Amino acid sequence: MPTESTFLVTHADDESAVLHDTADGQVHTLAANPGLDADDAIEGTIAPAGPMELAWELIEMDARRPLSTEHSEEPPTSQEHELADAQEAGELTTRERAGVGEIHVLTVPAERVSEAVDDVLDDEATLVRAARLGVNRVEVRSDAEAGVVAVRYLP
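As the structure is a prediction and not an experimental result, all values here were calculated from the model.

### Remarks on the domain arrangement of the protein
Part 1 of the argument: Assigned domains within the protein: domain 1 (3-66) and domain 2 (68-154).
Part 2 of the argument: Each partner contributes residues to the interface: domain 1 has nine residues there, and domain 2 has 10 residues.
Part 3 of the argument: Taken over both partners, the interface formed by domain 1 and domain 2 buries close to 760 Å², and the fraction arising from carbon and sulfur atoms is 59%.
Part 4 of the argument: Broken down residue by residue, the surface that domain 1 buries against domain 2 is led by Leu8, Thr22 and Arg65, which jointly contribute 58%.
Part 5 of the argument: Applying the counting criterion to the domain 1 and domain 2 interface returns three residue pairs in polar contact (both at pLDDT 80 or more).

Shown next, in the form of structure tokens:
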């Protein structure tokens, strides 16, 4: 049965690719790689491949975009600082951006800001969310003194 969704390519080599469905979290291994790269977001349709239906094939690709993550040298904005000031350490606030994307503001102990930034950048869930939101990049800003980490999902 075909599945239409937005997928994150979590692994790709010359012979196959692994897709993470951003809607339900299912992981699908493609029997052949049709030229996909790791960290691509794919909007399309997959279907079981082969007689045993143990792998999948990409039967239609409506859109493809590369995703990227970066730690910006820019500090969090005044709005992001205000959101952080209104919450306790360990909390997260999510806001829609004007246009496309979201902003997530985390408040962490000052001594753990660097670790929190690394965790966000290394977490596959960050790219899964970016693919689901339809954005191209994730920018992480931080303020170690204030204990603020801002994760910006941007077009």
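### Considerations on the pairing of strand 7 (residues 92-96)
Within a regular strand, side chains alternate between the sheet's two faces.
Part 1 of the argument: Note: strand 7 against strand 8 (residues 102-107), five bridges, orientation antiparallel. From the neighbouring strand, Leu92 faces strand 8, where its bridge partner is Leu106.
Part 2 of the argument: Between strand 7 and strand 8, which pair antiparallel in sequence order, lie five residues; one of them, Gly99, sits at a positive phi of approximately 95°.

### What about the pattern of salt bridges?
Part 1 of the argument: Applying the stated criterion across every chain, the model contains nine salt bridges.
Part 2 of the argument: One salt bridge connects Asp37 with Arg64, and the closest N-O pair in it is separated by 3.3 Å. One end of the pair, Asp37, is in the loop between strand 3 (27-30) and strand 4 (40-49); the other, Arg64, is in strand 5 (residues 55-66), with 27 residues separating them in the sequence.
Part 3 of the argument: Between Glu139 and Arg141 there is a salt bridge; the shortest N-O distance is 2.8 Å.
Part 4 of the argument: Judged by relative accessible area, which is 8%, Glu139 ranks as buried.
Part 5 of the argument: On the accessibility criterion, Arg141 (13% relative accessible area) is buried.
Part 6 of the argument: The network of salt bridges with shared partners includes Glu70, Glu80, Arg137, Glu139, Arg141 and Arg152.

### Re the layout of surface pockets
Part 1 of the argument: The volume enclosed by the largest pocket comes to roughly 150 Å³.
Part 2 of the argument: Forming the walls of the largest pocket are Leu92, His104, Leu106, Asp119, Val120, Asp123, Ala125, Thr126, Arg129, Val151 and Tyr153.
Part 3 of the argument: Contributions of two or more residues to the lining of the largest pocket are made by strand 8, helix 2 (113-122), helix 3 (124-133) and strand 10 (148-154).
Part 4 of the argument: The greatest single-element share of the lining of the largest pocket, amounting to three residues, is contributed by helix 3.
Part 5 of the argument: Along the lines of polarity and charge, the residues of the lining of the largest pocket split into six nonpolar, two polar and three charged.

The rules behind the values
- Residues numbered from 1 in each chain as written.
- Predicted model: local features only at pLDDT ≥ 70, side-chain atom pairs only at ≥ 80, totals over all residues.
- Heavy atoms only, no water.
- Domains from an automatic or database assignment.
- Contact = heavy atoms within 4.5 Å.
- Buried area = accessible area lost by both parts, 1.4 Å probe.
- Polar contact = N/O pair within 3.5 Å; in protein donor to acceptor, adjacent residues only side chain to side chain.
- Pairing = 2+ DSSP bridges.
- Helix = DSSP H or I, 4+ residues; strand = E, 2+ residues; numbered from the N terminus.
- Salt bridge = Lys/Arg side-chain N within 4 Å of Asp/Glu carboxyl O.
- Buried < 20%, exposed > 50% of the residue type's maximum accessible area, 1.4 Å probe, protein only.
- 1 Å grid on protein atoms, 1.4 Å probe; cavity = no way out; pocket = protein on both sides within 12 Å on 5 of 7 lines; lining within 4 Å.
- Points joined across faces, edges and corners; volume = space filled by probe spheres on them.
- Nonpolar A, V, L, I, M, F, W, Y, C, P; charged D, E, K, R; others polar.

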